[in-house]
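# Tertiary structure, described
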Amino acid sequence: MTFRSKIDRPFLMLYGAAMLLIAVSCFWPFFFDDDMPLSAAIILISIFIGTITFMLWLLFGISYVFLDNHLFVKAGPLGISIAYENISLVAPTSDILTGMRILSSRDALEIFYPKAFMGSVKISPAEQQRFLDELMKRVWLDKFHRSLL
């Protein structure tokens, strides 16, 4: 089961501002250098396209995938596996400026587990209650199965 990340307007505005700054930085030389070599133009356009593509991949590629033994948190090419057995606490949070975060909304959840960088990861599933229900079911089932062994 896969859940997408909720995307807030402030995140879209921040990404838009960053992309505008990158565009200005890459295309500024075109306005002031009449004799720009073709190779320099190709390099600048390639940097612009590559950077914007990577940023969009990170923003729109955020997903939270429930697998058999773990939750896979993914953002573009980056990913974290969180074993259900290691999850100790899940709590709502609005503190999105600190810690490890793979989110695009201020309406976030913080998942605590011992192997996490800084102790937790912050995520923002679009369907938060459905996500929590599925997570709690899987964590409970995992703990139940381990207690039987």
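Above this text you will find the structure in question.
To start, this report covers the structure provided alongside it. (Residues numbered from 1 in each chain as written. Predicted model: local features only at pLDDT ≥ 70, side-chain atom pairs only at ≥ 80, totals over all residues. Heavy atoms only, no water.)

### Side note on the side chain of Ser-105
Note on placement: Ser-105 falls in the loop between strand S6 (100-102) and strand S7 (108-112). Its relative accessible area of 0% is what places Ser-105 among the buried residues. A distance of 3.1 Å separates polar atoms of two side chains, one belonging to Ser-105 and the other to Asp-8. One polar contact links the side chain of Ser-105 to the main-chain amide nitrogen of Asp-107, over a distance of 3.1 Å. (Helix = DSSP H or I, 4+ residues; strand = E, 2+ residues; numbered from the N terminus. Buried < 20%, exposed > 50% of the residue type's maximum accessible area, 1.4 Å probe, protein only. Polar contact = N/O pair within 3.5 Å; in protein donor to acceptor, adjacent residues only side chain to side chain.)

### A closer look at helix H2 (residues 38-60)
Taking 1.5 Å per residue as the helical rise, H2 with its 23 residues ought to reach 33 Å, and the 33 Å between its terminal C-alpha atoms agrees with that figure. Listed as buried for H2 are Ala-41, Leu-44, Ile-52, Met-55, Leu-58 and Leu-59. Check the buried side of H2 and you find it contacts helix H1 (9-32), strand S2 (62-66), strand S3 (70-75) and strand S4 (78-83). (Expected span 1.5 Å × (residues − 1). Contact = heavy atoms within 4.5 Å.)

### Describing the nonpolar core
Core analysis: the largest hydrophobic core is formed by 35 residues, its most contacted members being Tyr-64, Leu-71, Ile-111, Phe-131 and Leu-135. Put simply, the parts of the chain that give this core at least two residues each are H1, H2, S2, S3, S4, S7, strand S8 (120-123) and helix H3 (128-148). Ranked by residue count, the leading element in this core is H1, at five residues. Leave out the neighbours within four places in its chain, and Leu-135 touches Phe-66, Tyr-84, Ile-87, Val-90 and Ile-111. (Core = buried A, V, L, I, M, F, W, Y, C linked by side-chain atoms within 4.5 Å.)

### As for H1
For H1, spanning 24 residues, the distance from its first C-alpha to its last is 34 Å, which sits close to the expected 34 Å at 1.5 Å a residue. Helix geometry: H1 is bent most strongly at Cys-26, by close to 35°, with proline Pro-29 lying one to four residues after it. Taken as a whole, H1 has its buried residues at Phe-11, Tyr-15, Met-19, Ile-22, Ala-23 and Cys-26. Where H1 is buried, its residues contact H2. (Bend = angle between axes of the 7 residues up to and from the residue.)

### Observations regarding the sheet that holds strand S5 (residues 89-93)
The four strands are arranged S5-S7-S8-S6 in an open sheet whose pairing can be described as mixed. Each edge of the open sheet is held by one strand with a lone partner, namely S5 and S6. Strand-to-strand twist in this sheet, taken as the mean axis angle between neighbours without regard to direction, amounts to 25°. Sheet analysis places S7 next to S8, joined by four bridges and oriented antiparallel. Residue pairing for S8: Glu-110 is matched across the bridge by Lys-122. (Pairing = 2+ DSSP bridges. Axes fitted to C-alpha atoms, helices over the stretch in contact; angles between N-to-C directions.)

### Notes on the pairing of S2
For S2, the buried fraction is high: five of the five residues fall into the buried class. Side chains Ile-62, Tyr-64 and Phe-66 project from S2 onto one buried face, and the interleaved Ser-63 and Val-65 project onto a second face that is buried too. As paired strands, strand S1 (residues 2-4) and S2 are joined by three bridges and run antiparallel to one another. Counterpart to Arg-4 in the pairing with S2 is Ser-63. Note that S2 and S3 share five bridges and pair antiparallel. Across the sheet, the residue bridging to Tyr-64 is Val-73, located in S3. Counted along the chain from S2 to the antiparallel partner S3, the turn is three residues long.

### What to know about the packing of H1 against H2
Running from N to C, H1 and H2 cross one another at 175°; their axes reach a closest spacing of 9 Å. Here H1 lies roughly antiparallel to H2, going by the angle between them. Seen from H1, the contacting residues are Leu-12, Tyr-15, Ala-18, Met-19, Ile-22, Ala-23, Cys-26, Phe-27, Pro-29 and Phe-30; seen from H2, they are Ala-41, Leu-44, Ile-45, Ile-47, Phe-48, Thr-51, Ile-52, Met-55, Leu-56, Leu-58, Leu-59 and Phe-60. Considering only residue class, the contact of H1 with H2 consists of 21 nonpolar, one polar and no charged. (Parallel < 35°, antiparallel > 145°, perpendicular 65-115°, else oblique. Nonpolar A, V, L, I, M, F, W, Y, C, P; charged D, E, K, R; others polar.)

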